[in-house]
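Listed below, chain by chain, are the residues.
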Amino acid sequence: MSSENIKTNNTEHHTSEISEEQLIVRRGQPFTLTLKLTQPFNPDLHPLTIIAKEREQITAVWKVELHKNSSSLTGVLILTITPPAVSPIGEYELSVKHREEETSLATLVVLFNPWCPDDSVFLPDEKERQEYVMNEQGTIYRGSHNYISSMSWDFGQFEDGMVKICLAILDFNCKHFDDPAEDVSARCDPIYVGRVVSAVVNSPDDHGVLEGCWGGPYDDGVLPSHWSGSHTILYRWFTECYPVKYGQCWVFAGVMCSVMRLLGIPCRVVTNFMSAHDSDMNLTIDVYHADYGVEGRETMDSVWNFHVWVEGWMRRPDLADDGKYDGWQVLDPTPQEMSDGLYCCGPAPVKAILNGDTHLKYDVPFVFAEVNADCVDWLVKADGSEVKMSSDTKRVGQNISTKAVGSNERLDITHTYKHKEGGFTWSTDHTHHHFSCF
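What counts as what
Per chain, the residues get numbers from 1 upward, laid out in the order the sequence is written. pLDDT decides what is reported in this predicted model: residues at 70 or higher carry local features, side-chain atom pairs at 80 or more are listed and counted, and totals for whole chains, interfaces and linings draw on all residues regardless. Working from all heavy atoms in the structure, the side-chain values ignore hydrogens and water. UniProt positions are given in the numbering used here, feature names are shortened, and annotations may be inferred rather than shown by experiment. Each pair of strands is called paired provided DSSP finds at least two bridges between the two strands. Strands are runs of DSSP state E lasting at least 2 residues, helices are runs of H or I lasting at least 4, and numbering of each runs from the N terminus. Comment: axis = line fitted to C-alpha atoms, over the contacting stretch for helices; angle = value between 0 and 180 degrees taken between N-to-C directions. Here a salt bridge means any side-chain nitrogen of Lys or Arg lying within 4 Å of a carboxyl oxygen belonging to Asp or Glu. Only protein chains enter the calculation, and the probe is 1.4 Å; a residue is then buried if its accessible area is under 20% of its type maximum, exposed if over 50%, and partly exposed in between. Aromatic rings from Phe, Tyr and Trp, taking only the six-membered ring of Trp, are treated as a pair when their centres fall within 6.5 Å; an angle between ring planes under 30 degrees marks them as stacked, one over 60 as edge-to-face, and anything in between as tilted. Note that the domain bounds reflect an automated or database-derived domain assignment. Residues adjacent in sequence count toward polar contacts only when both atoms are side-chain atoms; beyond that, a polar contact is any pair of N or O atoms within 3.5 Å, and within protein one must be able to donate a hydrogen and the other to accept it. Amino acids outside the nonpolar list (Ala, Val, Leu, Ile, Met, Phe, Trp, Tyr, Cys, Pro) and the charged list (Asp, Glu, Lys, Arg) are all regarded as polar, and Gly is one of them. Every residue pair with non-hydrogen atoms within 4.5 Å of one another is taken to be in contact.

In the nomenclature of an unreviewed UniProt entry, the protein chain corresponds to Protein-glutamine gamma-glutamyltransferase 2 from the organism Lates calcarifer. Its UniProt record gives the protein chain a comment under Cofactor (unreviewed entry), which states: "Ca(2+)". The UniProt entry for the protein chain carries the following text under Sequence similarities (unreviewed entry): "Belongs to the transglutaminase superfamily. Transglutaminase family."

So this is what it looks like as structure tokens:
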């Protein structure tokens, strides 16, 4: 395929910023290529078969049409080829079979397509597509709920080598090692891909991209606060084949957002201030105070000044037929709790969190608690009984923030996660919690 043909196709598929040398298309959308036969084309005598293979597997049928400007007499055929909107994303070998001879046409990459209404990541608004898929620069919010600070983040999803790096992330998945064919086939589903990326961006159980560190020392790596973009981290992991030191929540989220945007899944970074970590999944943050002469009781629950995750945009037909849970989904690559045996989290529908539908997958109860948990103080008496001293329903989940579309302003999206509970005034006498960032 000529470089001019590749450039034209990539421009139409919104992938020219990724490459002008490699054919990169989006599923559900046609691309064209020119085929020059040595003899006139007679489809009745010698039909033409286009074969698309991903990892040596013949895929489902791709739609192929003969363009009206083709010349059967001279054997110059202009083909319009459309990968189905449900195709697994990844690298394909495209070949043509004619007169019992098979000839390679091109190696191409197929991505998710938020411009295609039939794709499960379809995002109707063009300004949002430009922000959540195409924008390489962003803002991540940190600090505290009453003093929010912002930092610039270079997502760099279209930097050199990012296609290879992101496809390698999909391969660096325990399910791929167990059953490559099943894993590759499952890449048609952004729900599956989101969980894979969430797991591989961290490293406790799979030597993924980033190693977390929250207490130092950082002498053998990079201080988390020194990172300002994703590409350096991803490139280092890809070339050194070892987790990059060190990350904290905003670094994990920034890196994941880059991978999701490259793959074509609309994605944004979200910060939750006063974020709860409900380790025992009881939807409360419990703090125990010992009565006089009674041994204290520790808790693994905590509330952090802030925590950062991402939201990916996708349909959830696995949860409802009516689209009730379609839209933004929480995905969290920071390794906190295991989900189905791996350190990953989500996708959890934001609408399910808002409605309190904690019976739904994936990891909705954990995320619900991060923004909605009650903070409960207990007095432990000598006989082992517990007496509730106080309960605060407003402390957790404040000023949930993301970058606004088309500007550097902060957008407060708290209302998408929780119903308004009234005002809240912070009091400095709550000294029994451990506050930090996660």
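Having seen the model, we can carry on.
## Observations regarding the sheet that holds strand S19 (residues 386-392)
If you trace the three strands from one edge of the open sheet to the other, you get S14-S18-S19, paired in mixed fashion. Strands with a single pairing partner mark the edges of an open sheet, and in this sheet they are strand S14 (284-290) and S19. Strand after strand, the sheet turns through a mean of 25° between neighbouring axes, direction not considered. Two strands pair when backbone bridges link them, and S14 and strand S18 (residues 374-380) are joined in this way by seven bridges, in the parallel orientation. The partner of His289 across the bridge, within S18, is Leu379.

## Observations regarding the pattern of salt bridges
Across all of its chains, the model carries 14 salt bridges by this definition. The closest approach of N and O atoms between Arg195 and Asp340, which form a salt bridge, is 3.4 Å. Of this pair, Arg195 sits in helix H6 (residues 190-201) while Asp340 sits in the loop between strand S16 (327-331) and strand S17 (348-349), placing them 145 residues apart in sequence. The exposure class assigned to Arg195 is buried, which follows from its relative accessible area of 10%. By relative accessible area, Asp340 is classed as exposed at 68%. Connected through shared salt-bridge partners, Asp171, Asp183 and Arg187 make up one network.

## Concerning the packing of aromatic side chains
Tallying each qualifying case throughout the model produces 10 aromatic pairs. Where Tyr132 meets Trp328, the ring centres are 5.0 Å apart and the plane angle is 90°; that geometry is what we call edge-to-face. Within this pair, whereas Tyr132 is found in helix H2 (residues 126-134), its partner Trp328 is found in strand S16, the two being separated by 196 residues in sequence. Note on Tyr132: relative accessible area 3%, which makes it buried. Relative accessible area serves as the criterion here: at 14%, Trp328 is assigned to the buried category. Ring centres of Phe172 and Trp237 lie 5.4 Å apart, and the angle between their planes is 90°; on these two criteria the pair is classed as edge-to-face. One end of the pair, Phe172, is in the loop between helix H3 (162-171) and helix H4 (174-178); the other, Trp237, is in helix H7 (residues 231-240), with 65 residues separating them in the sequence. Site record: aromatic cluster; members linked through ring pairs are Tyr132, Trp313 and Trp328.

## Things to note about the domain arrangement of the protein chain
Taken domain by domain, the protein chain holds domain 1 (3-111) and domain 2 (126-416). On inspection of domain 1 and its partner domain 2, the count reaches zero salt bridges. Joining domain 1 to domain 2, the criterion identifies two residue pairs in polar contact (both at pLDDT 80 or more). Residue classes in the side of domain 1 that touches domain 2 are distributed as seven nonpolar, five polar and six charged.

## Some remarks on unusual backbone geometry
Look at the link from Gly346 to Pro347: it is a cis peptide, with omega at 5°. Tracing the backbone shows Pro347 in the loop between S16 and S17. In this structure, Tyr362 follows Lys361 across a cis peptide bond, with omega equal to 5°. Here Tyr362 is to be found in the loop between helix H9 (350-355) and helix H10 (364-372). Even without glycine at this site, Cys241 takes up a positive phi of about 55°. With respect to the helices and strands, Cys241 occurs in the loop between H7 and strand S12 (244-247). On the accessibility criterion, Cys241 (58% relative accessible area) is exposed. Not every positive phi belongs to a glycine, and Asp363 is a case in point at roughly 60°. Relative to the helices and strands, Asp363 resides in the loop between H9 and H10.

## Quick word on H2
For H2, the complete set of buried residues consists of Arg129, Glu131, Tyr132, Val133 and Met134. Of the surrounding secondary structure, the elements contacted by the buried residues of H2 are strand S1 (23-26), helix H8 (249-263), strand S13 (267-277), S16 and strand S20 (398-403). Near the N-terminus of H2, the side chain that reaches the backbone nitrogen of Lys127, with its oxygen 2.9 Å away, is that of Asp125.

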